[in-house]
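Tertiary structure, described
Each chain, letter by letter, is given below.
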Amino acid sequence: MRLILIGPPGVGKGTQARRLAEHLGIPQVATGDMLRDHVRKKTKLGQKAQSYMNKGQLVPDDVILAMVEVRLREKDAAGGFILDGFPRTVPQGVGLTVILERLDVTLDIIVAISVNQDMILTRLAARRSCARCGAVYNLVINPPKTIGVCDACGATELILREDDRPETIRKRFDVYQEQTFPLLAYYSPTGLLKEVAGDGTVDEIFQNIQAVLPDKPNRS
Ligand code: AP5
């Protein structure tokens, strides 16, 4: 299965992508997570990306496309993948089409998740991420077992993401409307685009997504 998850900041793409990856046995390819990993490791790419990310702006398309192509060529992505947070602009959508042609594979479905902004703001205010390994928690629905300690790596720095400050979230919403929302019109003629309501519990939304997945994904 080759699937794209599209939706505004904080709508729950990462949460659902992780569940789908486990359920379908294919990797989650999350450009935001990949970029944050580069930032943590202070790579050249991370240093370039950080200033865009902290301001709620998008990292340039050429940087993202090169990073994604390398990832999709890795062995574990040969049988399918879940794209989370990519593509995010029409040029990235066009670039992805070219990458998929080079890999000789096709997309199965594009799931667009939507929810109202107030709910997103509430969810993001409660999100905490591990500064060491990037594991994601939510103080309301998914807190760590021991307050302030990462279940995954034991680090004691569970932080509010720099771009989850209210003024930066607003900027990210604007960027979504201007640069990412037009992708829905780009994908609409493919017939692969399915819209799913993002309100409700994590389980309910997971079921909504499962209900629109194709029974038989494309082989190539
Ligand atoms: P990225 O990390 O992709 O951020 P985003 O798209 O803004 O999405 P988020 O990670 O904030 O949220 P999400 O939708 O995954 O929600 P989550 O599941 O965590 O990108 C960050 C930055 O990197 C960008 O601004 C840009 O600078 C750069 N970047 C990344 N990709 C790029 C690209 N392709 N091109 C250019 N630049 C790029 O859920 C949010 C919270 O809600 C969590 O706490 C979660 O536990 C909770 N939650 C989830 N579902 C529910 C539910 N049903 N009920 C209650 N709480 C819930």
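Further up the page is the structure itself.
Residues numbered from 1 in each chain as written. Predicted model: local features only at pLDDT ≥ 70, side-chain atom pairs only at ≥ 80, totals over all residues. Heavy atoms only, no water.

Remarks on the sheet that holds strand β6 (residues 136–138)
We count it as follows: Any two strands are treated as partners once DSSP identifies two or more bridges connecting them. By definition, any uninterrupted DSSP run of H or I lasting at least four residues is a helix, any uninterrupted run of E lasting at least two residues is a strand, and each is numbered from the N terminus.
The three strands lie next to each other as β6-β5-β7, forming an open sheet whose pairing is antiparallel. Since the sheet does not close on itself, it has two edges, and those belong to β6 and β7 (158–159), each with one partner. Pairing of strand β5 (residues 127–130) with β6 involves three bridges; the strand directions are antiparallel. Bridge assignment links arginine 128 to a residue of β6, and that residue is tyrosine 137.

Points about the sheet that holds strand β3 (residues 81–84)
Rule in force here: Axis angles are defined between N-to-C directions and span 0 to 180 degrees, where every axis is a line fitted to C-alpha atoms and, for a helix, only to the segment in contact. Every residue pair with non-hydrogen atoms within 4.5 Å of one another is taken to be in contact.
Read from one edge to the other, the open sheet built from five strands follows the order β2-β3-β1-β4-β8, with strand pairing classed as parallel. At either end of the open sheet lies a strand with only one pairing partner, and these are β2 (28–30) and β8 (193–197). The sheet shows a mean angle of 20° between the axes of neighbouring strands, taken without regard to direction. In this structure, strand β1 (residues 2–6) lies alongside strand β4 (residues 109–114), joined through four bridges in parallel fashion. Within β4, the position partnered with leucine 5 by the bridge is valine 111. Of the strands in this sheet, β4 and β8 touch helix α9 (residues 202–212), which is tilted by about 160° from β8.

Some details on the nonpolar core
Defined as follows: Remark: nonpolar core denotes a set of buried residues (Ala, Val, Leu, Ile, Met, Phe, Trp, Tyr, Cys) joined through side-chain atoms within 4.5 Å. A simple rule labels every residue: compare its accessible area, found with a 1.4 Å probe on the protein chains alone, to the largest value its type can have, and call it buried under 20%, exposed over 50%, or partly exposed in between.
Ranked by size, the top nonpolar core spans 30 residues in total, and within it Ile4, Ile6, Leu72, Leu83, Leu96 and Tyr187 carry the most contacts. For this core, the element with the most residues is helix α4 (residues 61–72), which contributes six residues. Counting residues in each nonpolar core, the second largest holds 22 residues, with Val11, Ile26, Ile109 and Phe173 among its members.

Things to note about helix α2 (residues 31–40)
Inclusion rule: To be clear, the arc concerns the directions from the helix axis to the C-beta atoms.
Of all the positions in α2, only Thr31, Met34 and Leu35 are classed as buried. Seen from one end, α2 has its buried residues packed into an arc of 95°, which puts them on one side. Phi turns positive one or two residues past the end of α2, at lysine 42, with a value near 55°.

Let's talk about the pattern of salt bridges
Rules: The salt bridge definition used is simple: a Lys or Arg side-chain nitrogen within 4 Å of an Asp or Glu carboxyl oxygen.
The final tally for this structure, using the stated rule, is 13 salt bridges. Of the charged contacts in the structure, one is a salt bridge between lysine 41 and aspartate 37, with a shortest N-O distance of 2.9 Å. Through salt bridges with shared partners, one network takes in Arg127, Arg161, Asp163, Asp164 and Arg172.

Comments concerning the site of the ligand
Using the following cut-off: Working definition: residue near molecule or strand if any one of its non-hydrogen atoms lies within 4 Å of it. Pairing of N or O atoms within 3.5 Å defines a polar contact, subject to two protein rules: one partner must be a possible hydrogen donor and the other a possible acceptor, and residues neighboring in sequence count only if both atoms are side-chain atoms. Here the Shrake-Rupley method, with its probe set to 1.4 Å, supplies the accessible areas, and only the displayed protein chains count as covering residues.
Around the ligand, the surrounding shell holds 34 residues, and the nearest of these are Thr15, Gln57, Arg88, Arg127 and Arg172. A distance of 2.9 Å separates an oxygen atom of the ligand from a polar side-chain atom of lysine 13. One nitrogen or oxygen atom from the main chain of glycine 85 is found 3.0 Å from a nitrogen atom belonging to the ligand. Computed on the free molecule, the ligand has an accessible area of 1000 Å², of which 95% lies beneath the protein chains in the complex. Sorting the residues of the shell around the ligand by element identifies α1 (13–24), α2, α6 (117–125), β6 and α9 as the ones contributing at least two each.

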